[in-house]
Amino acid sequence: MSGPELITLGCRLNIAESEAMRAAMADADDLVIVNSCAVTAEAVKQARKAIRQAAKRRPEARIVVTGCAAQTDPASFAAMAEVARVIGNADKGQAELFAFDRGARADVHVSDVTAVRDTAPHMAAAFAAHARAFVEVQNGCDHRCTFCVIPYGRGNSRSVPAGIVIDRIKALVDDGHAEVVLTGVDLTSYGPDLPGAPSLGQLVERILTHVPGLRRLRLSSLDSIEIDDRLFALLTQEARMMPHVHLSLQAGDDLILKRMKRRHSRAQAVAMVERLKAARPDIAIGADLIAGFPTEDDAMAANSAALIDDCDIVFGHVFPYSPRVGTPAARMPQLDRATVRRRAAELRARTEARRDRWLRTLVGTRQAVLAERGGAGHAPNFARVRFEGTAPVPGAIADIIITGADDGALTGRVTDETA
């Protein structure tokens, strides 16, 4: 593949923005762009590792670092000998910043992201490396969870007008994409900054109405407390909405949730999942969970572990807590790192066990699987499916009979390729 090499870390929003940069810099074969994440200290460490590895692999290339880690701590990346330029989140859409001759020292182009009032003017025209297309509809966050540095990397919440979103999705469907994922930093906060203050549910309704050729629509992480009746009805009654909801839960103990400055209680999270499962029993639940938050004792940790069963979480994104400079949680009494790692491992083991039990219940079913690269794809409920025999063409939706479940994924064979 010609053009820049993209190394994308972190969230689905970064995936969408990486593809936008790939399209904008299509002729820059000597460019490596590291689109970084700052959600944890480990994520920043991975960005540094990726930079060093890229420099060893391609010593002639210009390495540009962007993303949240570059936004929140540009000086540390500019100090790396491997880095040619650091570009902030608010500036990554400016193609001219990626056209430069490497100097003796890295230079920094990082604007004040809190001053940005719009988003996604550079939405990607194509998704060269993904069967699913990721469309940015929202950016930034107005909430200030005590553990989170992302608002400092992304700025305040801002939304993309529905007309722009619909035009982009129409183009992606015309280009052959059967599935689109709407992405954002705080997706359920979509709309209040736009004329008429539309909700996320209203945006989804307009997309489904005005893009009838879109076969599958999926949403990235949702805040459970902001799922209103309109969005709930779409998630549970609309066939083109995939039966998969990923929730930003973070913890299962009310005192820890309060110290995190989350806006929901444990009971509210459980009640929302119970409502979703009652209305659409095949819906699969994913969740973000933080292990070892400051002040968390054994009983609090047990409450979070129990949430996995109470909310039937089969896709767990478990993050060991790490203090981020400038956040209130970093000033709270910290747990020792061994305890944090142990609790994270326990949460991962519990989610994986529940996932594996759920996957076994799907053996013998038929699933409409979106084929992706590497001989695998994803079912509507986001279960990963490995293909037996000849795999369908990436981007096709194939009718698959599920024959087995092992190692965190399903296996299946094509019965009748449908697209």
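Values in this document were obtained by computation on a predicted structure and should not be read as measured data.

What counts, and at which threshold
- Residues numbered from 1 in each chain as written.
- Predicted model: local features only at pLDDT ≥ 70, side-chain atom pairs only at ≥ 80, totals over all residues.
- Heavy atoms only, no water.
- Helix = DSSP H or I, 4+ residues; strand = E, 2+ residues; numbered from the N terminus.
- Rg over C-alpha atoms; globule rule 2.2 N^0.38 Å.
- Buried < 20%, exposed > 50% of the residue type's maximum accessible area, 1.4 Å probe, protein only.
- Contact = heavy atoms within 4.5 Å.
- Areas by Shrake-Rupley, 256 points an atom, 1.4 Å probe, with all protein chains shown as cover.
- Lys, Arg positive; Asp, Glu negative; His and termini not counted.
- Charge placed at Lys NZ, Arg CZ, Asp CG, Glu CD.
- 1 Å grid on protein atoms, 1.4 Å probe; cavity = no way out; pocket = protein on both sides within 12 Å on 5 of 7 lines; lining within 4 Å.
- Points joined across faces, edges and corners; volume = space filled by probe spheres on them.
- Nonpolar A, V, L, I, M, F, W, Y, C, P; charged D, E, K, R; others polar.
- Salt bridge = Lys/Arg side-chain N within 4 Å of Asp/Glu carboxyl O.
- Right-handed = clockwise from strand over helix to strand, strands pointing away.
- Pairing = 2+ DSSP bridges.
- Axes fitted to C-alpha atoms, helices over the stretch in contact; angles between N-to-C directions.
- Polar contact = N/O pair within 3.5 Å; in protein donor to acceptor, adjacent residues only side chain to side chain.
- Parallel < 35°, antiparallel > 145°, perpendicular 65-115°, else oblique.
- Left-handed = near helix turned anticlockwise from the far one by under 90°.
- Expected span 1.5 Å × (residues − 1).
- Arc of directions from axis to C-beta.
- Disulfide = S-S within 2.5 Å.

A. Representation of the overall build of the protein within the structure. Secondary structure summary: the protein contains 12 helices and 18 strands in total. On C-alpha atoms alone, the protein measures out to a radius of gyration of 21 Å, which is about the 22 Å that the 2.2 N^0.38 rule sets for 419 residues. Seen along its three principal axes, the alpha-carbon backbone of the protein occupies a region of about 60 × 50 × 45 Å. Expressed as a percentage of the 419 residues in the protein, the buried residues total 56%. Residue pairs in contact within the protein that sit at least 24 positions apart in sequence constitute 69% of those at least 6 positions apart. A total of about 17200 Å² of accessible surface is found on the protein, and carbon and sulfur atoms cover 51% of it. Of the side-chain charges in the protein, 53 are positive and 52 negative, and the distance between the mean point of each set is 3 Å.

B. Spatial organisation of the layout of surface pockets. Its volume calculated, the second largest pocket comes out at about 310 Å³. If you go around the second largest pocket, you meet 18 residues; those closest to its centre are Val314, Phe315, Gly316, His317 and Arg355. When contributions to the lining of the second largest pocket are tallied by element, the ones reaching two or more residues are β11 (244-250), β13 (313-320) and α12 (337-361). A per-class count over the lining of the second largest pocket returns six nonpolar, seven polar and five charged.

C. The arrangement of the pattern of salt bridges in detail. In the structure shown here, the tally under the stated rule is 26 salt bridges. One salt bridge connects Arg230 with Glu205, and the closest N-O pair in it is separated by 2.7 Å. Taken together, the residues Arg230 in helix α8 (residues 229-237) and Glu205 in helix α7 (residues 200-210) connect sequence positions 25 residues apart. Classification of Arg230 as partly exposed rests on a relative accessible area of 35%. Taking relative accessible area as the criterion, Glu205 reaches 30% and is therefore assigned partly exposed.

D. Here's a closer look at the pairing of strand β9 (residues 179-183). Along β9, five of the five residues are buried, which leaves the element largely enclosed by surrounding structure. Burial of β9 is two-sided: the residues Glu179, Val181 and Thr183 facing one way and the residues Val180 and Leu182 facing the other way are all buried. What joins β9 to strand β10 (residues 216-219) is α7, and the crossover it makes is right-handed.

E. Region of interest: the environment of Leu214. Note that Leu214 resides in the loop between α7 and β10. Through-space distance from the C-alpha of Leu214 to that of Gly316 is 28 Å; in sequence the pair is 102 residues apart. Excluding its chain neighbours within four sequence positions, the residues that come into contact with Leu214 are Ile169, Val173, Ala178, Val180, Ile207 and Arg240.

F. Representation of the sheet that holds strand β3 (residues 62-67). As summarised here, the arrangement of the five strands in space is β1-β2-β3-β4-β5, forming an open sheet in which the pairing is parallel. What marks the edges here is a single partner per strand, and that holds for β1 (5-8) and β5 (107-109). Taking the axes of each pair of neighbouring strands and ignoring which way they run, one obtains an average angle of 15° across the sheet. Pairing of β3 with strand β4 (residues 85-87), which is carried by two bridges, proceeds in the parallel orientation. Note on β4: the bridge partner recorded for Val65 is Val86.

G. Focus on the side chain of Arg154. Here Arg154 lies in helix α5 (residues 150-154). Of note is the side chain of Arg154, whose polar atom sits 2.9 Å from the side chain of Glu17.

H. Spotlight on the sheet that holds strand β6 (residues 133-136). Taken in spatial order, the three strands of this open sheet run β6-β9-β10, and their pairing is parallel. Because the sheet does not close on itself, it has two edges, and the strands there are β6 and β10. In this sheet, neighbouring strand axes are inclined to one another by 25° on average, regardless of whether the strands run parallel or antiparallel. In this sheet, β10 lies alongside β9 in parallel orientation, the contact comprising four bridges. When the sheet's bridge partners are listed, Leu182 is paired in β10 with Leu219.

I. How the structure looks around the packing of α7 against α8. The contact between α7 and α8 brings their axes to 7 Å, and the two run at 45°. Of the possible angle classes, the one that applies to α7 and α8 is oblique. Classified by chirality, the crossing of α8 by α7 is left-handed. Contact with α7, carried on its side by Leu200, Gly201, Gln202, Val204, Glu205 and Leu208, involves Arg230, Leu231 and Leu234 of α8 and no other residues of that element. For the contact of α7 with α8, a count of residues per class yields five nonpolar, two polar and two charged.

J. Local environment of helix α10 (residues 266-279). Over its 14 residues, α10 runs 20 Å from end to end, which matches the ideal 20 Å to within 8%, given 1.5 Å per residue. Those residues of α10 not exposed but buried are Arg266, Ala269, Val270, Met272, Val273 and Leu276. Taken around the axis of α10, the buried residues stretch over an arc of 160°, which confines them to a single face. Exposed and facing more than 90 degrees away from the buried side of α10 are Ala267 and Ala278. Next to the buried residues of α10 lie α8, β11, α9 (254-260), β12 (284-291) and α11 (298-310).

K. How the structure looks around the state of the cysteines. Per the counting criterion, the structure on display carries zero disulfides. In this structure Cys145 is a free cysteine whose sulfur lies 6.2 Å from that of Cys148, the closest cysteine sulfur available. Judged by relative accessible area, Cys145 falls into the buried class, the value being 12%.

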